[in-house]
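# Observations on the three-dimensional arrangement
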Amino acid sequence: MIKSLCIMCICSFAFMADAELKLADVFGDNMVLQRNAKVPIWGTADPGAEITVEFAGQKTLAKAGADGAWMAFLSPMPANSAGQELKVSSNLKSQISNLKCSNVLVGEVWLCSGQSNMEWTINAKDHLDNPDEIVKGANFPEIRFFTPKIQYCAKPYSGCEGKWRICNPENAGDLSATAYYFARKLNKELNVPVGLLVSAAGGTVGHCWIPCDAMLAEEELKQFALSPEYIANNEKRYEGFEQKYREWLKTEEAKKVVKDDANAEKILQEALKLIKDANLAEKTGAPYPYNYWGFPMEVRKIAGFDKDLRISTNRGASLFNGMVAPLAPFAIAGILWWQGEADADWNQGAIYKKKLCVLADSWRKFWSCKGFDKGTKIPFIYVQIENFRGRDGINADEWAKLRNSQRECADLITNSAMVVAIDASPNEDASIHPKNKEMLGNRLCSTAMALSYGGDKTAAEYPLYSSMKIDGDKVIVNFKNAPKGLQSGKEGKDAAVKGFEVAGSDGTFVAAEARIEKDSVIISSPSVKSPVAVRYAWALNPVCNLYGGNGLPASPFIGKLEK
């Protein structure tokens, strides 16, 4: 898979070719470059042009290839809060031969990705209780953020729309709330600038964020990658649409939907444009249109827009191609990931383990193949999906399965850590978008400190299921990551442990009593004389209160007696 990812990297570079000297879109004024790392600087120029990059007393050279792509490297640098200028020049006098990025800092850069809980900004409607006060106090000139416009692409794309912005009251409202609280605490802990690449999109499933080649290499994930045969059917997919549409206009149904002849023609031309743009995007890899929802339902059915997987926001690899590939190999300290709710809604709780493992592995390899020498070791920190009071049609069991998959990934993904969020909101007000982003952002930071910066590990350890054994009618569950023992309630003051269930050989789980002994919990139920399985917090919005002695919640889990 590494070879195929590297080929994909070359292709994404090649698409950047242009005559004039350019920096990749992710570079700009007010950015933060990663400290203590070899920093790739890349872009396009005239083929054969000699490129000079100057920054912080360094001068490094690169040469544009036949496709115009070039890449230079800055040697590792210490953190620097003083704004400096990055200069890029070419020996060929094309349309532009000199570029500058001003007010550039050096510090810690983190890629923040996932769906809405990572995307939603401080100013997002009804997201936080006091957004105006938060924005007013968000004056942290050492925190900078880059939020690319959401775009879906058929192939790894090189470009993105966005600019680096300083975290101050003027800009902070547009910053991811989760990323803001993470960066605020990290800046305070390390006393260095913090850069945030916030590339997230609400309501998206995990396979949108995984490279196509990586999914094709995994039997379980092949189903999420569009086949070459499906894509090859581009030109035939909409044959006869215009004729069908004009026939439909003669029906009584059409008269209720379309106002007049002018509107009917307008709808037709917009639909034909979408079809043309979709076919073109498939060929070039440019962002494809996904705004077909604006058409009347009847027109969407006639055209088949809803069934065209090419322009679906759930298309496999589309967000990796459009929102991750353009950022690589920007030197980063680590990745923050908060996503999975959409996969639970898709009843993909069990397969999510494979998705998350492949995602983390493929992103690291992509960064490495494109030129970041620390790519394969990038720290990966993710949030286990939160408690949620639910809505009609939600499969609670799938949410529990997905949390369990995320728990299992903690042992499968190297150099990773999981933040538990089962207590993100009070049970009676458990929104899918928890308002307490400060708590989650701080937890992410504490975990990053422990994983990447030599911080206190005991301040970032969440009790995780380790093993179980049967003792008569009781189940003894052992936990790891509980150096300070276990307790009931965040403060250790609850009278009883809540949230455990046991099952016998019939597989029916019933509520159980539980008591703590050091780093173990002893569980039993009078109605289950011979238990074979135990689970904890196995619900959409579970009532549970097992915490570590450090005040961090235990992860939901299921454990079964091995045969």
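Please refer to the structure higher up on the page.
Everything quoted here is computed from the prediction, not taken from an experiment. Once a new chain begins, its residue numbering starts again from 1 and follows that chain's sequence as written. Per-residue local features are limited, in this predicted model, to residues with pLDDT of at least 70; the limit for side-chain atom pairs, both in listing and counting, is 80 or more; totals at the level of whole chains, interfaces and linings are taken over all residues. To get the side-chain values, all heavy atoms of the structure are used, and hydrogens and water are removed first.

### Some details on the overall build of the chain
Numbering goes from the N terminus for both helices and strands, where a helix is a DSSP run of H or I of at least four residues and a strand is a run of E of at least two. For the chain, the count of helices and strands is 16 helices and 24 strands. Each radius of gyration reported is based on C-alpha atoms, and the globular scaling rule is 2.2 Å times the count of residues to the power 0.38. Relative to its length of 563 residues, the chain is compact, with a C-alpha radius of gyration of 26 Å against a globular reference of 24 Å. In terms of principal-axis extent, the alpha carbons of the chain reach across some 80 × 70 × 50 Å. Per-residue burial for the chain yields a buried fraction of 56% across its 563 residues. Surface accessibility follows the Shrake-Rupley procedure with a 1.4 Å probe radius. Residue values consider only the protein chains on display as shielding. Accessible area of the chain: about 23600 Å², with a carbon and sulfur share of 48%. The charge count treats Lys and Arg as positive and Asp and Glu as negative. His and the chain ends do not count. The atoms used to mark charge sites are NZ of Lys, CZ of Arg, CG of Asp and CD of Glu. Separation of charge centres in the chain, based on 67 positive and 67 negative side chains, amounts to 2 Å. In this scheme, a residue with accessible area under 20% of its type's maximum is buried, one over 50% is exposed, and one in between is partly exposed, where area comes from a 1.4 Å probe on protein chains only.

### Some thoughts on the pairing of strand β15 (residues 464-471)
The pairing of β15 with strand β16 (residues 474-480) spans seven bridges and is classified as antiparallel. Paired with Ser467 across the two strands is Asn478, which belongs to β16. When DSSP finds two or more bridges between two strands, those strands count as paired.

### Examining the sheet that holds strand β19 (residues 509-511)
Spatial strand order, β19-β18-β22-β24: four strands in an open sheet with antiparallel pairing. Two strands lie at the open edges of the sheet, namely β19 and β24 (557-560), each paired on one side alone. Along the sheet, successive strands turn relative to each other by an average axial angle of 25 degrees, direction set aside. Direction of pairing for strand β18 (residues 500-503) relative to strand β22 (residues 533-536): antiparallel, over a ladder of four bridges. Across the sheet, the residue bridging to Val502 is Val534, located in β22. Axes here refer to lines fitted to C-alpha atoms; in helices the fit is confined to the stretch in contact. Angles between the N-to-C directions go from 0 to 180 degrees.

### Digging into helix α14 (residues 352-370)
Because an α-helix completes one turn every 3.6 residues, residues spaced three or four positions apart along the sequence face the same direction. Between the first and last residue of a helix there are one fewer steps than residues, each counted as 1.5 Å, and that sum is the expected span. Across its 19 residues, α14 extends 27 Å between first and last C-alpha, which sits within 8% of the 27 Å expected from 1.5 Å per residue. With 14 of 19 residues buried, α14 is to be regarded as a mostly interior element.

### Quick notes on the packing of helix α8 (residues 241-248) against helix α10 (residues 261-284)
Look at α8 against α10: their axes get within 11 Å of each other, and the N-to-C directions meet at 160 degrees. Of the possible angle classes, the one that applies to α8 and α10 is roughly antiparallel. Crossing angle aside, the handedness with which α8 passes α10 is right-handed. Residues Phe241, Glu242, Tyr245 and Arg246 of α8 form the contact with α10, whose own contacting residues are Ala264, Glu265, Ile267, Leu268, Ala271, Leu272 and Ile275. For the contact of α8 with α10, the per-class residue count stands at eight nonpolar, no polar and three charged. Here the word oblique covers every angle except those under 35 degrees (roughly parallel), over 145 (roughly antiparallel) and from 65 to 115 (roughly perpendicular). Crossing chirality is assigned from the near helix's rotation relative to the far helix, an anticlockwise turn below a right angle marking it left-handed and a clockwise turn marking it right-handed. The contact criterion used throughout is that any non-hydrogen atoms of two residues lie within 4.5 Å. Three residue categories are used. Nonpolar comprises Ala, Val, Leu, Ile, Met, Phe, Trp, Tyr, Cys and Pro, charged comprises Asp, Glu, Lys and Arg, and polar comprises the others, including Gly.

### Some remarks on the pattern of salt bridges
Put simply, a salt bridge is a Lys or Arg side-chain nitrogen that is within 4 Å of an Asp or Glu carboxyl oxygen. Counting across every chain of the model gives 31 salt bridges. One salt bridge in this structure joins Glu85 and Lys87, with 3.9 Å as the shortest N-O distance. The salt bridge involving Arg246 is made with Glu242; its shortest N-O contact spans 3.2 Å. With Arg246 and Glu242 both in helix α8 and four residues apart, this pair spans about one turn of that helix. When its relative accessible area of 35% is taken as the criterion, Arg246 is described as partly exposed. Ionic contacts of the salt-bridge type, sharing partners, join the residues Arg237, Asp308 and Arg310 into one network.

### A short note on the sheet that holds strand β3 (residues 39-44)
Strands sit in the order β1-β3-β6 across an open sheet of three strands; the sheet is antiparallel. Both outer strands of the open sheet, β1 (22-23) and β6 (69-74), are each paired with one neighbouring strand and no more.

### Quick notes on unusual backbone geometry
For the bond running from Ala328 to Pro329, omega is 5 degrees, close enough to zero to count as cis. Of note, Pro329 is situated in the loop between α12 (318-324) and β12 (334-338). A positive phi angle is found at Asn481, which is not glycine, with a value near 60 degrees. For Asn481, the location among the structural elements is in the loop between β16 and β17 (486-488). Residue Asn481 is classed as partly exposed on the basis of its relative accessible area, which comes to 30%. With a phi angle near 55 degrees, Ala537 is a residue other than glycine that sits in the positive phi range. Tracing the backbone through its elements, the reader meets Ala537 in the loop between β22 and β23 (546-548).

### A short note on the environment of Ile267
Tracing the backbone through its elements, the reader meets Ile267 in helix α10. Ile267 gets classed as buried once you look at its relative accessible area, which sits at 9%. Separated by 91 residues in sequence, Ile267 and Ser176 place their C-alpha atoms 36 Å apart. Every residue in contact with Ile267, bar those within four places of it in the chain, is listed here: Tyr245, Val258, Phe295, Pro296 and Val299.

### Quick word on the packing of α14 against helix α15 (residues 396-409)
Look at α14 against α15: their axes get within 8 Å of each other, and the N-to-C directions meet at 40 degrees. With respect to α15, the axis of α14 lies oblique. The two elements α14 and α15 cross, and the hand of that crossing is right-handed. In contact with Tyr352, Lys353, Leu356 and Cys357 of α14, α15 contributes Leu402, Ser405, Gln406, Glu408 and Cys409. In terms of residue class, the contact of α14 with α15 is made up of five nonpolar, two polar and two charged.

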